[in-house]
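As a plain string of letters, each chain reads:
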Amino acid sequence: MSRKPATRTRPAKTAAKPVSGVTVRHYCQGIGDCHLLTFKKADGKPFRMLIDCGIHVSVAGGPALVADIVSDLKKETGGKIDVLVVTHEHWDHVSGFLTAKDLFKDFVVGDVWMAWTENPADAEAAELDKFKGQAIAALQGVGQKLDAMQGLSSYMAGVRDRLQSVLGFQFGAAGERVRSARDAAARLSQKPSPTYFEPGGPPVTIDALPNLRVYVLGPPRDKAALRLEEKASEMFPLASGGPFARALASGLKVNEATDADYVDELSPFERNVGTPLSAALTGDKGSDPAIDIAAFVRKHYSGPVSAAASIEDRDQSWRRIDADWMGIAADLALQLDRGVNNTSLVLAFEFTDSGRVLLFPGDAQIGNWLSWKDLKWPVGQGTVTSADLLARTVYLKVAHHGSQNATPQKQGFDLLTSADLSAFIPTNKLDALKVHWGEMPYEGILTALDAKTKGRVIRADDPWLADKNGKPAFAAPSGSIQAVRSLPRDATGGPGGLWVEVDLV
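Bear in mind the structure is a predicted one, so any value in this text is a computation, not a measurement.

Conventions used here
Residues numbered from 1 in each chain as written. Predicted model: local features only at pLDDT ≥ 70, side-chain atom pairs only at ≥ 80, totals over all residues. Heavy atoms only, no water. Pairing = 2+ DSSP bridges. Helix = DSSP H or I, 4+ residues; strand = E, 2+ residues; numbered from the N terminus. Axes fitted to C-alpha atoms, helices over the stretch in contact; angles between N-to-C directions. Expected span 1.5 Å × (residues − 1). Buried < 20%, exposed > 50% of the residue type's maximum accessible area, 1.4 Å probe, protein only. Phe/Tyr/Trp six-rings, centres within 6.5 Å; stacked < 30°, edge-to-face > 60°. Lys NZ or Arg CZ within 6 Å of the ring centre and 35° of its normal. Contact = heavy atoms within 4.5 Å. Disulfide = S-S within 2.5 Å. Parallel < 35°, antiparallel > 145°, perpendicular 65-115°, else oblique. Left-handed = near helix turned anticlockwise from the far one by under 90°. Nonpolar A, V, L, I, M, F, W, Y, C, P; charged D, E, K, R; others polar. pLDDT = per-residue confidence, 0-100. Polar contact = N/O pair within 3.5 Å; in protein donor to acceptor, adjacent residues only side chain to side chain.

Focus on the sheet that holds strand 17 (residues 497-504)
The eight strands lie next to each other as 6-5-4-3-2-1-17-16, forming an open sheet whose pairing is mixed. Both edges of this open sheet fall to strand 6 (195-197) and strand 16 (481-488), since each of them pairs with a single strand only. Averaged over neighbouring strand pairs, the angle between their axes works out to 20° when direction is ignored. For strand 5 (residues 108-115) and strand 6, the ladder comprises three bridges, and the chain directions are parallel. Across the sheet, residue M114 finds its bridge partner in strand 6, namely Y196.

Written as structure tokens, this is what we have:
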């Protein structure tokens, strides 16, 4: 596989000299993405590209913070965006187009770029969308049921918390579906519909930027790479997620049936026999005055009982299994989360005069990354490969807030070999802990990045961003970063920075 850089065509002597370099303004909402790329056209005027605009539903004051971000965007750009890139359908990447729609309505957006997975006219995308709808509905039903249950085991309480986190990618605080936010972004385009991309096509060129090529690396078409594979008759269920979603949906239907004539063929008893467990758990004594069903269930099943009871009778809650059937929701939630992240539109920006590359992978996780390794593009007299692009990458927007499974080692970090590499991580560690995401950003990724970049890593929660005179630990210019600027949030925006901006070359 050749790694020879693409042939670079010299401009005609009468043409204006292409301008290399870009300014990237990263907004620092922490759990969310919003990046403004400003290129210079040959005539010196700015060309603006906005990548995503959203914040996770769990972040306190999120809509107000996004409104501040959009107001700043309008001030910076005059409300003119040449290209809006929507990487994938998650609330923390698109919520702003809905919650701040009154601010966005005055923007002029030339074109909207999306992945093939968002194209309603694409048959495979439609199958994927059908599964996502079924999985989300099942998870939402389980989440509501677990929220209403008392005395959950530690495991099932963990399942409930994980569901809340995953559903936070799919719904806003007012219950809006992420689809409405994505569609609001699509409607901003001056073109009739978004432009949809998939890997394998020729590099994208922009007339106003003759010194730039844009390579589409993901999302893949391959089902295994998306981790969406079950059986041939179903195009895009997530691994064994298809039966998981169906099993959960069926269980919820049985448990919530209100039809008096409904017959559960798997139940050993008729519906009119006994007392429903849900009623006994809430204190229903049952219809037989000689037996207190609620007391019996507490003593022998759900506990705890009176402190005066014997030790062996005091707490039998460890016997509870009535919620355990919903435990498969954890697997379905994880598969849905990773699957949607793997649909991220991944873009590599190459400056053709210098060969330097900027990589913006959205929230791409392992399946998406691994699908790139055999990609290649004939350009001029040479061939550009994905490994070649990674080797020439001098700036990385770290995928999925720096999570453990969002950047592979061998097909990711090991190929990022430029001595000028720098990186930005859109994350807030404290907010990630609040939504039970665990270690994000992952310490192993931070260590590897620090070594690769010689310390040129900026995080959205860096303390120095809250100080109007704050500076990063590294000096500028250094590596690909020529200058760094930042703006703290004002008093109403809470602590931290509103944005950090880097000049790259």
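Quick look at helix 6 (residues 154-167)
Here helix 6 contains 14 residues, and its C-alpha end-to-end distance of 20 Å stays within 8% of the 20 Å for a straight helix at 1.5 Å per residue. Regarding helix 6, the residues found buried are M156, A157, V159, D161, L163, S165, V166 and L167.

A word on the packing of aromatic side chains
Any pair of aromatic rings gets described here by the distance separating the centres and the angle formed by the planes. All told, the structure shown has eight aromatic pairs when counted by the stated rule. Ring plane angle 55° and centroid distance 6.3 Å describe the contact between F39 and F351, whose orientation is recorded as tilted. Taken together, the residues span a long stretch of sequence, with F39 in strand 2 (residues 35-40) and F351 in strand 9 (residues 346-351) at a distance of 312 residues. Ring geometry for F104 against F107: centres 5.0 Å apart, planes inclined by 55°, an arrangement best described as tilted. A relative accessible area of 2% means that F104 is categorised as buried. In this structure F107 comes out as buried when scored by relative accessible area, which is 7%. Through pairs of rings, three or more aromatic residues link up here, namely F39, F349, F351 and F360. The ring of W116 has R221 lying over it, and the distance from NZ or CZ to the ring centre is 3.9 Å.

Structural notes on the sheet that holds strand 8 (residues 209-218)
Taken in spatial order, the seven strands line up as 7-8-9-10-13-14-15 in an open sheet, and their pairing is mixed. Either end of the sheet is taken by a strand with one partner, and the two such strands are strand 7 (204-206) and strand 15 (457-459). The average angle at which neighbouring strand axes cross in this sheet is 20°, direction not considered. Bridging between strand 7 and strand 8 involves three bridges; their strand directions are antiparallel. Residue pairing in the sheet places V204 in a bridge with V214 of strand 8. The strands touched by helix 17 (residues 443-453) are strand 13 (393-397), strand 14 (422-425) and strand 15; relative to strand 14, the strand with the most contacts, the crossing angle is about 150°.

Digging into unusual backbone geometry
At the junction of G218 and P219, the peptide bond is cis and its omega measures out at 15° in the coordinates. Within the element layout of this structure, P219 appears in the loop between strand 8 and helix 8 (223-226). With an omega of 10°, the peptide bond between A476 and P477 qualifies as cis. Despite not being glycine, H400 shows a phi value in the positive range, around 45°. Following the sequence through the fold, H400 ends up in the loop between strand 13 and strand 14. Judged by its relative accessible area of 5%, H400 falls in the buried class.

A short note on the state of the cysteines
Throughout the structure, instances matching the rule amount to zero disulfides. Here C53 is not disulfide-linked; the sulfur of C34 is the nearest cysteine sulfur, at 3.8 Å. Residue classification places C53 among the buried residues on the basis of a relative accessible area of 1%.

Comments concerning the packing of helix 5 (residues 123-148) against helix 6
Helix 6 packs onto helix 5 with a crossing angle of 135° between their chain directions and a minimal axis gap of 10 Å. The angle between helix 5 and helix 6 falls in the class oblique. Crossing hand, helix 5 versus helix 6: left-handed. Between helix 5, through I136, L139, Q140, V142, G143, L146 and D147, and helix 6, the contact on the second element is made entirely by M156, V159, R160, L163, Q164 and L167. For the contact of helix 5 with helix 6, a count of residues per class yields eight nonpolar, three polar and two charged.

Digging into the confidence of the model for the protein chain
With 77% of its residues at a pLDDT of at least 70, the protein chain reaches an overall mean of 82. Segment residues 1-18 is flagged for pLDDT under 50; beyond a separation of four residues in sequence, or across chains, it makes 37 contacts in the model. Residue range residues 228-241 is modelled with pLDDT below 50. Its contacts to residues more than four positions away, or to other chains, number 45 contacts.

Quick look at the side chain of H88
Along the chain, H88 turns up in the loop between strand 4 (80-85) and helix 2 (91-94). Residue H88 is classed as buried on the basis of its relative accessible area of 0%. Side-chain polar atoms of H88 contact the side chain of T87, separated by 2.9 Å. Excluding residues within four positions of it along the chain, H88 makes contact with H93, V94, E118, V340, N341, T343, S344 and D363.

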